[in-house]
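Architecture at a glance
In case you want the letters, here they are:
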Amino acid sequence: MANIIDGKQVSANVKEQVRQETEILFEKYGKRPALAVVIVGNNPASRVYVNNKKKACETVGFQSFEYALPEDTSQEELLELVQTLNEDKNINGILVQLPVPKQIDDKAIINAISSEKDVDAFHPENVGKIMIGDYAFLPCTPAGVMELIHATGIEIAGKKCVVIGRSNIVGKPMAMLLLHESGTVTICHSRTQDLPSVTREADILIVAIGKANFVTADMVKTGAVVIDVGMNRLENGKLCGDVNFAEVESKVSWITPVPGGVGPMTIAMLMKNTLTAFKKQNLFFE
Ligand code: L34
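Let us look at the structure shown here. (Residues numbered from 1 in each chain as written. Predicted model: local features only at pLDDT ≥ 70, side-chain atom pairs only at ≥ 80, totals over all residues. Heavy atoms only, no water.)

Topic: the environment of Ser-11
- Tracing the backbone shows Ser-11 in helix H1 (residues 7-29).
- By relative accessible area, which is 3% here, Ser-11 ends up buried.
- C-alpha separation for the pair Ser-11 and Ala-268, spaced 257 residues apart in sequence, amounts to 5.4 Å.
- Beyond its immediate sequence surroundings of up to four residues, Ser-11 is in contact with Pro-264, Met-265 and Ala-268. (Helix = DSSP H or I, 4+ residues; strand = E, 2+ residues; numbered from the N terminus. Buried < 20%, exposed > 50% of the residue type's maximum accessible area, 1.4 Å probe, protein only. Contact = heavy atoms within 4.5 Å.)

Some remarks on the site of the ligand
- In the vicinity of the ligand, 18 residues are found, and the nearest of them are Lys-53, Val-96, Asp-120, Arg-233 and Gly-260.
- Between an oxygen atom of the ligand and a side-chain N or O atom of Asn-52, the distance comes to 2.9 Å.
- Between the ligand and the protein, one listed contact pairs a nitrogen atom with a side-chain N or O atom of Asp-120 at 2.7 Å.
- Protein chains bury 82% of the 670 Å² of accessible surface belonging to the ligand in isolation.
- Judged by the proximity of its atoms to the pocket grid, the ligand belongs to the largest pocket.
- Residues that form the shell around the ligand fall into these classes: 10 nonpolar, 5 polar and 3 charged. (Near = heavy atom within 4 Å. Polar contact = N/O pair within 3.5 Å; in protein donor to acceptor, adjacent residues only side chain to side chain. Areas by Shrake-Rupley, 256 points an atom, 1.4 Å probe, with all protein chains shown as cover. 1 Å grid on protein atoms, 1.4 Å probe; cavity = no way out; pocket = protein on both sides within 12 Å on 5 of 7 lines; lining within 4 Å. Sits in = over half its atoms within 2 Å of the grid points. Nonpolar A, V, L, I, M, F, W, Y, C, P; charged D, E, K, R; others polar.)

Some points on empty space enclosed by the protein
- In the structure shown here, the tally under the stated rule is 1 cavity of 30 Å³ or more.
- Here the largest cavity is characterised by a volume of approximately 70 Å³.
- Forming the boundary of the largest cavity are Val-96, Leu-98, Val-100, Asp-106, Ile-109, Ile-110, Ile-113, Asp-118, Asp-120 and Phe-122.
- Considering each element in turn, the lining of the largest cavity owes the most residues, 3 residues, to helix H4 (residues 106-112).
- Classifying every residue of the lining of the largest cavity by side-chain character gives 7 nonpolar, no polar and 3 charged. (Points joined across faces, edges and corners; volume = space filled by probe spheres on them.)

Concerning the pattern of salt bridges
- Taken as a whole and assessed by the stated rule, the structure comprises 8 salt bridges.
- We note a salt bridge from Lys-279 to Glu-21, for which the minimum N-O separation is 2.6 Å. Of this pair, Lys-279 sits in helix H10 (residues 262-281) while Glu-21 sits in helix H1, and the two are 258 residues apart along the sequence.
- Ionic pairing is found between Lys-129 and Glu-125, a salt bridge with its closest N-O pair at 3.9 Å. Placement of both Lys-129 and Glu-125 in helix H5 (residues 124-132) is noted, with a separation of 4 residues, approximately one turn of the helix. (Salt bridge = Lys/Arg side-chain N within 4 Å of Asp/Glu carboxyl O.)

Here we look at the layout of surface pockets
- The computed volume of the largest pocket comes to approximately 1,300 Å³.
- The wall of the largest pocket is formed by 47 residues, among which Tyr-49, Gln-97, Thr-141, Met-231 and Thr-266 lie closest to the centre.
- The dominant element in the lining of the largest pocket, judged by the number of residues it contributes, is helix H2 (residues 44-60), at 9 residues.
- Partitioned by chemical class, the residues of the lining of the largest pocket number 24 nonpolar, 15 polar and 8 charged.
- By volume, the second largest pocket amounts to about 450 Å³.
- What lines the second largest pocket is a set of 17 residues, among which Ala-121, Phe-122, Val-127, Asn-168 and Ile-169 lie closest to the centre.
- Every element with two or more residues in the lining of the second largest pocket is listed here: H4, H5 and helix H7 (171-180).
- A breakdown of the residues in the lining of the second largest pocket according to their chemical character gives 12 nonpolar, 2 polar and 3 charged.

Focus: a positive patch on the surface
- The grouping of Lys-107, Arg-166, Lys-172 and Arg-191 at the surface amounts to a positive patch.
- Residue position: Lys-107 is located in helix H4. (Patch = residues over 30% accessible without salt bridge, like charges linked within 9 Å, V, L, I, M, F, W, Y side chains within 5 Å. Lys, Arg positive; Asp, Glu negative; His and termini not counted. Charge placed at Lys NZ, Arg CZ, Asp CG, Glu CD.)

The structure is reproduced here in structure tokens:
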């Protein structure tokens, strides 16, 4: 029987730290961090995530502003809004919820967000900084995964870490953060040959491929740490991860649930980044 890593609890701890620091800064300077969240169209999952982000802002004492644009918004219109938010001194962080509708090029939008307000850390300047290990913001989901691993008390240095998935948002930065903590990192993807033989070597296995119940018991090493970044909606409306939890749970030492694992951490790390942006923009440097 594995230990369950409680993402709700770990995220509550992170948010409580952010809340306390926010209160201290508010008492000193009379200002609060402000996050602008932009959602385009009617993706129901995005709606849930954006609502959770707004709720978290309330919990930690931030201001939040939602910009909900219709499904047929043009790229020019969205770029215009981003530009307005870039110039707005009262906004510290800007987040455009992905995915955006197909008429909009997400790269163009990410490039347009001021790197100082890029609390997702998706802008090429911030991605580059992460690569060389000199960063203000960490991408929220990989940073949240790191917190979950730290919560187990297991040291990453020297361990075999395997990441399944090579997206710019999760897989690639995830590998980089594990490398920064001296993990021995392997990235697997759709062209990897004999995937189970690779994943079975992992002391720490991070799964981010977007296929429900993909990782089965025969693919994991006994006693491994398994982090499930998957967020799949089944036909019956239930959420499930990329890991077959029921099967894998009895074999590993630590595992994250879905929901209640990585998802809440993504949001907690967004709060942390927004506080960082606020501090840097106001030259507190504390
Ligand atoms: N720009 N787009 C941008 N930034 C992000 O950081 C995201 N991401 C991903 C999708 N698009 C984005 C998120 O916010 C995924 N993501 C996200 C955020 C929160 C949750 C899941 C994914 C979350 O709250 N998960 C809950 C369950 C929610 C539910 O009931 O549907 C959980 O407990 O896992």
